[in-house]
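# Analysis of the macromolecular model
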Amino acid sequence: QVLVEEFGGGLVQPGGSLRLSCSTSGRYFSINDMYWYRQSPGKERELVAGITSTGRTNVTDAVKGRFGISGDTAKNMVYLQMNNLKPEDTAVYYCCAEVVGLEYLAMRYWGKGTLVTVSS
């Protein structure tokens, strides 16, 4: 089994910053891609950022210029740096690991989420 865990959520004022961490552990051959998603009450879950095993990154237009994703070479530790936070960024943030299993089958594993609340 593969375990994905997020850390770093909390309450922050508008304009503030927060850094989320995601760790991936367990039995797998390698990590292909890592993603950060978020979901607000009554809204659909949306993709926020992604990073490949080679380090290529991308973020959604809604957070460009404010958020950045990074990680180590193996991508078993990934981060989401959030700057200039806005109230609309309030959501549960989920880390998703796309893992190449020992049988070379790609599977996605999700963390339980960490709550980010942006409020004055």
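Conventions used here
Residues numbered from 1 in each chain as written. Predicted model: local features only at pLDDT ≥ 70, side-chain atom pairs only at ≥ 80, totals over all residues. Heavy atoms only, no water. Helix = DSSP H or I, 4+ residues; strand = E, 2+ residues; numbered from the N terminus. Rg over C-alpha atoms; globule rule 2.2 N^0.38 Å. Contact = heavy atoms within 4.5 Å. Areas by Shrake-Rupley, 256 points an atom, 1.4 Å probe, with all protein chains shown as cover. Lys, Arg positive; Asp, Glu negative; His and termini not counted. Charge placed at Lys NZ, Arg CZ, Asp CG, Glu CD. Disulfide = S-S within 2.5 Å. Patch = residues over 30% accessible without salt bridge, like charges linked within 9 Å, V, L, I, M, F, W, Y side chains within 5 Å. Salt bridge = Lys/Arg side-chain N within 4 Å of Asp/Glu carboxyl O. Buried < 20%, exposed > 50% of the residue type's maximum accessible area, 1.4 Å probe, protein only. Core = buried A, V, L, I, M, F, W, Y, C linked by side-chain atoms within 4.5 Å. Pairing = 2+ DSSP bridges. Axes fitted to C-alpha atoms, helices over the stretch in contact; angles between N-to-C directions.

### Looking at the overall build of the protein chain
On a plain count of helices and strands, the protein chain comes out with zero helices and 11 strands. Of the regular secondary structure in the protein chain, the N- to C-terminal order runs β-β-β-β-β-β-β-β-β-β-β. Computed over C-alpha atoms, the radius of gyration of the protein chain comes to 14 Å, within 12% of the 14 Å expected from 2.2 N^0.38 for 120 residues, which places it in the range of a compact globule. Dimensions of the protein chain, computed from C-alpha atoms along their principal axes, come out at roughly 50 × 25 × 20 Å. Within the protein chain, counting contacts between residues at least 6 apart in sequence, those at least 24 apart form 54% of the total. Counting every atom, the protein chain has about 6600 Å² of accessible surface; 50% of that belongs to carbon and sulfur. In the protein chain, which carries 12 positive and 11 negative side-chain charges, the distance between the mean positions of the two groups comes to 3 Å.

### Observations regarding the state of the cysteines
Scanning the model with the defined rule gives one disulfide in all. Disulfide pairing is shown between Cys-22 and Cys-95; the S-S distance is 1.9 Å. Of note, the bridge from Cys-22 to Cys-95 carries an S-S torsion of about -85° and is left-handed in sense. Here Cys-95 lies in strand β9 (residues 91-100) and Cys-22 lies in strand β3 (residues 18-26), a separation of 73 residues in the sequence.

### Brief notes about a nonpolar patch on the surface
Together, Phe-29, Leu-102 and Tyr-104 make up an exposed nonpolar region whose accessible area comes to about 370 Å². Positionally, Tyr-104 belongs in the loop between β9 and β10 (106-110). On the accessibility criterion, Tyr-104 (59% relative accessible area) is exposed.

### Points about the nonpolar core
Trp-36, Leu-80, Met-82 and Tyr-93 are the most contacted members of the largest nonpolar core, which totals 29 residues. Elements that contribute at least two residues to this core include exactly β1 (2-7), β3, β4 (30-39), β5 (46-52), β7 (67-71), β8 (77-82), β9 and β11 (114-118). Examining the composition of this core, we find that five residues originate from one element, β9, more than from any other. If near-sequence neighbours (up to four positions away) are discounted, Tyr-93 is found in contact with Glu-6, Leu-20, Trp-36, Tyr-37, Arg-38, Val-48, Phe-67, Leu-80, Met-82, Gly-113, Thr-114 and Val-116.

### Quick notes on the sheet that holds β1
Judged by pairing direction, the sheet is antiparallel, and its four strands sit side by side in the order β1-β3-β8-β7 without closing on themselves. Strand pairing shows two members of the sheet lacking a second neighbour, β1 and β7, which therefore form its edges. Geometrically, the sheet is characterised by an average inter-axis angle of 15° between neighbouring strands, direction not taken into account. Two strands pair when backbone bridges link them, and β1 and β3 are joined in this way by six bridges, in the antiparallel orientation. By the bridge assignment for β3, Phe-7 is matched with Ser-21.

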